Amino acid sequence: MHRQHKLPSAKISENRALPPAMQRRAAAALAVDIESAWAQCRVAVASGNKNLVKELHLRAKAHDAITDFAALRRVLDKSQRYFPTPSRIEPARISPVVVPVVPNSLEERLFRVARGYWSMPYSKGYGRRLRFVIMDEHHEALIGIIGLQSPSADLACRDQYLGMERDKKLAFVNNTLDAYTVGATPAYAPLLAGKLVAGYLCSPKIRQEYWSVYGNRRTTQLRKRIPQPLLAISTASAFGRSSIYNRLKFENRLLARPLGYTQGYGTVHLEEVYPRMVEWLQSIGKHVPAGFGNGPKVRWQNIMNTLVSLRLPMKFLEHGICRQVFLVDLVDNLLAVCNNADLPSPIAFDDCAWGDFWRERWCLPRAHRDPDWHEFPARTQLRDALTPHSVDP
């Protein structure tokens, strides 16, 4: 990892300006580190090595100053029974059920611990938010989690597939969600439980919870009542082509439709520099603090403010990680609803039948093919993931 320059001030409070000479030196040092972080990312992506790209995420996670990982480890210690060793699991007796997460509940604590397992930087989502845990009723354990949030207003491959007029697109977007986290816990992942969790994006419990939480709300931008039913859920892979969503079928239905790839823009490669961006913006009075009224993407605003203030090119936002995008249709006539204003026809999806299908199609065959699957050190892996540390490239 490159050596980062330090700002002249050890700690800069909000709106406390540096002397002009120190400000210039701080700006120059920060600009160098931003360009260096971008260049390292481009090299890693160009190599085609997913492990190098994963290391970028781990480095970003290690610089997360918001998430209290020590608190998550304490929750893990108190909730060990819900994160079993794989040897405790009998594949043939796994009994999955989708459970909505409510604030200050056991499910919320389990969700937060599981979310900290992945290399992607921790996020609680933004805008409209729903969370679910997939529990194994037989083993009284956590199989996986689903986190949903408001989708991006602009997503090129999605917009091209739908073929909607621009002035109608926002209304459609307000009737969808984006899955920002979908995955299985380390004890169940060796049994391909990631596919099980991904399939549950079609669960009627998600649509029911959406109506329960947002049925009487109005959108922020259009000030219109959020329509029903929920039409679709978009999602994207973490490292390019997805092995979980591709060819995910049930009862002759393609559950996740591949739409294309993102264009490779974002901020994950700048996360380790972000704390110093905040200090710099505070020193020149341009920092946007988190809080009501400042918009949902404060981090993005601050990074953009930094690039503009330092007169750096926007190419530094292009990390090059092109994520595969999928759309989960929750109505049978999505395109007709979007383009012809047809009445939505919700899909039929049976949670129990999907769980049974997953068990026979993926879980049991994997257990038979790999008799050592249960030797995976799930608890150790989970605890290590909740102790993020910098990774040298």
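Counting restarts for each chain, with residues numbered from 1 along the sequence as it is written. Local features in this predicted model are restricted to residues of pLDDT 70 or higher, and side-chain atom pairs are both shown and tallied only at a pLDDT of 80 or more, whereas totals for entire chains, interfaces and linings draw on every residue. The side-chain figures draw on all heavy atoms in the structure; neither hydrogens nor water molecules are used.

## Some remarks on empty space enclosed by the protein
Detection works on a 1 Å grid of protein atoms alone, calling trapped sets that fit a 1.4 Å probe cavities and calling open sets with protein on both sides within 12 Å along at least five of seven lines pockets, with lining residues defined by an atom within 4 Å of a point. Grid points are joined across faces, edges and corners, and a volume is the space filled by probe spheres set on the points. Under the definition given, this model contains two cavities of 30 Å³ or more. Its boundaries defined by the atoms lining it, the largest cavity holds a volume of some 50 Å³. Around the largest cavity, the lining residues are Phe83, Pro84, Thr185, Pro186, Ala187, Ala378, Arg379 and Leu382. Think of it as three bins: nonpolar holds Ala, Val, Leu, Ile, Met, Phe, Trp, Tyr, Cys and Pro, charged holds Asp, Glu, Lys and Arg, and polar takes everything else, Gly as well. Classifying every residue of the lining of the largest cavity gives six nonpolar, one polar and one charged.

## Focus on the packing of aromatic side chains
Two aromatic rings, drawn from Phe, Tyr or Trp (for Trp, its six-membered ring), form a pair once their centres lie within 6.5 Å of each other, and the interplanar angle then sorts them: stacked below 30 degrees, edge-to-face above 60, tilted otherwise. The tally for this structure, following the rule as stated, stands at 10 aromatic pairs. Put simply, the rings of Phe250, Phe349, Trp354, Phe357 and Trp362 pair up and form one aromatic cluster. Counting as a charge over the ring demands two things of the Lys NZ or Arg CZ atom: a distance within 6 Å of the ring centre and an angle within 35 degrees of the ring normal. Above the plane of the ring of Phe111 lies Arg131, whose end atom (NZ or CZ) is 5.5 Å from the centre. Over the face of the ring belonging to Tyr274 we find Arg299, whose NZ or CZ atom lies 4.1 Å from the ring centre.

## Topic: the pairing of strand β4 (residues 176–184)
Residue exposure (1.4 Å probe, protein chains only): buried if accessible area is under 20% of the type maximum, exposed if over 50%, otherwise partly exposed. Helical segments are the DSSP runs of H or I of at least four residues, strand segments are the runs of E of at least two, and each set is numbered from the N terminus. With nine of its nine residues buried, β4 lies for the most part within the structure. Pairing of strand β3 (residues 141–149) with β4, which is carried by six bridges, proceeds in the antiparallel orientation. The residue of β4 that forms the bridge with Gly147 is Thr181. Of the pairings in the sheet, the one linking β4 to strand β5 (residues 232–236) comprises four bridges and is parallel in character. From the neighbouring strand, Leu177 faces β5, where its bridge partner is Ile233. DSSP bridges decide pairing: two strands pair if at least two such bridges lie between them.

## A look at the nonpolar core
Here the nonpolar core consists of buried residues drawn from Ala, Val, Leu, Ile, Met, Phe, Trp, Tyr and Cys, with membership extended through side-chain atoms lying within 4.5 Å. Core analysis: the largest hydrophobic core is formed by 47 residues, its most contacted members being Ile146, Leu148, Leu201, Ile233 and Trp354. Of all the secondary structure elements, the ones that give two or more residues to this core are β2 (130–136), β3, β4, α7 (193–199), α8 (204–214), β9 (324–329) and α12 (351–369). Tallying contributions element by element places α12 first for this core, with five residues. Between two residues, a contact is recorded if the distance between any of their heavy atoms is within 4.5 Å. When sequence neighbours within four positions are dropped, the list of residues in contact with Leu148 reads Arg128, Arg129, Leu130, Phe132, Leu177, Asp178, Ala179, Tyr180, Leu201, Ile206 and Ile233. The next biggest cluster of nonpolar side chains, apart from the first, holds 21 residues, and it includes Phe69, Val113, Tyr117 and Leu386.

## Thoughts on the pattern of salt bridges
Between Lys or Arg on one side and Asp or Glu on the other, a salt bridge is scored when a side-chain nitrogen of the former is within 4 Å of a carboxyl oxygen of the latter. Enumeration over the complete set of coordinates arrives at 12 salt bridges. Between Arg93 and Glu90 there is a salt bridge whose closest N-O contact spans 3.9 Å. In this structure, Lys169 and Asp159 form a salt bridge, with 3.0 Å as the shortest nitrogen-oxygen distance. Taken as a pair, Lys169 in helix α6 (residues 166–173) and Asp159 in helix α5 (residues 156–162) lie far apart in primary sequence, 10 residues in all. Accessibility classification places Lys169 together with Asp159 in one group, the buried group. Linked through salt bridges whose partners overlap, the residues forming this network are Asp154, Arg158, Asp159 and Lys169.

Geometry only, nothing functional implied.
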